[in-house]
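Observations on chain architecture
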Amino acid sequence: MNVFGVDIGGSGIKGAPVDLERGDVAEERFKVLTPHPATPEAVTDCVQQVVRHFGLPVGPVGVTYPGVVVNGTTRTAANISKHWIGQDAAGLLTERLGTPVTVLNDADAAGLAEMAFGAGRGRTGTVVVLTFGTGIGSAVFSGGRLVPNTELGHLELQGHDAETRASTRAKETEDLSWSRWAKRVGRYLAHVEMLLSPELFVIGGGVSRKAEKFLPLIEGVSAEIVPARLENNAGIVGAAMAASAAGPGPAAAP
Ligand code: BGC
């Protein structure tokens, strides 16, 4: 049975069948550009295109979403069309693809993959996985179990929504140097540490490939901080893991 993972991102919608034993894509992933506006209808078309590309018999499909997802319903839409708010996303996609679809938060998916196959493997204490990109996504684990939809990217930091100050988009739009950005990330991590006292922070998102440029500059945090390991495919792998865990019946978030 082919379990698929599809990752809905700000620039691309990417997917592949996933090898759940190895925690990696089983074939090279296929990507289509994210439509603008990224309405439920337009995104559903893209997800279908991505899955059909592989021409395989399709088993369960996991799909990541960049917002809160409760029992398959998308509840927030910080960086995507507001038409998603209140949508039965899992129902919509299940009907369109004709196979059970599990929908979960994008950072939760990346976190599941990092805990099983990447930087969080074997860690049983509190682990906070943060993805830095257009926004800041979070996945919190304790005893290896995910607490879904934690949304730590929207903590208030010095009077601002933290992701508007410390995401990689903020770094780009404000043209911040690595050291100025690292200072903001450090302040943000210290705030999260004050609330949750994790033993480990895993830093994901595209920027994790440049970890050597900013991790050494982060100050004021006691927890260990490491870059994510599965960077490119973490969302796809985690989505497939969630779909596989949901099984062949009607699907919901983990
Ligand atoms: C959303 C999160 C999401 C993160 C990364 C935030 O704006 O609220 O749900 O995980 O962006 O996409």
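- Going by the annotation in an unreviewed UniProt entry, the name recorded for the chain is Polyphosphate glucokinase, with Streptomyces cinnamoneus given as the source organism.
- UniProt lists a comment for the chain under the heading Sequence similarities (unreviewed entry), and it reads "Belongs to the ROK (NagC/XylR) family."

With respect to the domain arrangement of the chain
- When cut into domains, the chain gives domain 1 (2–108 + 233–252) and domain 2 (120–231).
- Relative to domain 2, the C-alpha centre of domain 1 lies at a distance of 24 Å.
- Each side of the interface is counted separately: domain 1 has 12 residues, and domain 2 has 16 residues.
- Between domain 1 and domain 2 the total buried area reaches about 990 Å² when both faces are included, carbon and sulfur atoms providing 47% of it.
- Of all residues in domain 1, the largest losses of buried area upon contact with domain 2 belong to Asn79, Ala107 and Asp108, amounting jointly to 51% of the total for that side.
- In this assembly, domain 1 and domain 2 are joined by 0 salt bridges.
- Counting across the interface, domain 1 meets domain 2 through 6 residue pairs in polar contact (both at pLDDT 80 or more).

Considering the sheet that holds strand E16 (residues 224–227)
- The 5 strands lie next to each other as E12-E11-E10-E15-E16, forming an open sheet whose pairing is mixed. Unpaired on one side and paired on the other, strand E12 (145–147) and E16 mark the two borders of the sheet. The average undirected angle you get between the axes of adjacent strands in this sheet is 25 degrees.
- Alignment of strand E11 (residues 136–142) against E12, held across 3 bridges, turns out to be antiparallel. Bridge assignment links Val140 to a residue of E12, and that residue is Val147.

Re the sheet that holds strand E8 (residues 87–88)
- On the basis of which strands lie adjacent, the open sheet formed by 3 strands has the order E6-E7-E8 and antiparallel pairing. Looking at which strands have only one partner, the edges of the open sheet turn out to be strand E6 (69–70) and E8.
- Where strand E7 (residues 73–74) meets E8, 2 bridges bridge the pair, whose relative direction is antiparallel. Considered in E8, the bridge of Thr74 is made with Gln87.

Observations regarding the environment of Thr64
- The residue Thr64 is located in strand E5 (residues 58–65) in this model.
- Given a relative accessible area of 0%, Thr64 falls into the buried group.
- Distance in space between the C-alpha atoms of Thr64 and Leu104 is 5.1 Å, their sequence separation being 40 residues.
- Contact partners of Thr64, with chain neighbours within four places excluded, come to Val6, Asp7, Ile8, Leu104, Asp106, Ala109, Gly235 and Ala239.
- Here Asp7 takes part through its side chain, which lies 2.4 Å from a polar atom of the side chain of Thr64.
- Polar contacts involving the side chain of Thr64 include one to the main-chain amide nitrogen of Ile8, which spans 3.0 Å.

Calculation notes
Residues numbered from 1 in each chain as written. Predicted model: local features only at pLDDT ≥ 70, side-chain atom pairs only at ≥ 80, totals over all residues. Heavy atoms only, no water. UniProt positions renumbered as here; feature names shortened; annotations may be inferred. Domains from an automatic or database assignment. Contact = heavy atoms within 4.5 Å. Buried area = accessible area lost by both parts, 1.4 Å probe. Salt bridge = Lys/Arg side-chain N within 4 Å of Asp/Glu carboxyl O. Polar contact = N/O pair within 3.5 Å; in protein donor to acceptor, adjacent residues only side chain to side chain. Pairing = 2+ DSSP bridges. Helix = DSSP H or I, 4+ residues; strand = E, 2+ residues; numbered from the N terminus. Axes fitted to C-alpha atoms, helices over the stretch in contact; angles between N-to-C directions. Buried < 20%, exposed > 50% of the residue type's maximum accessible area, 1.4 Å probe, protein only.

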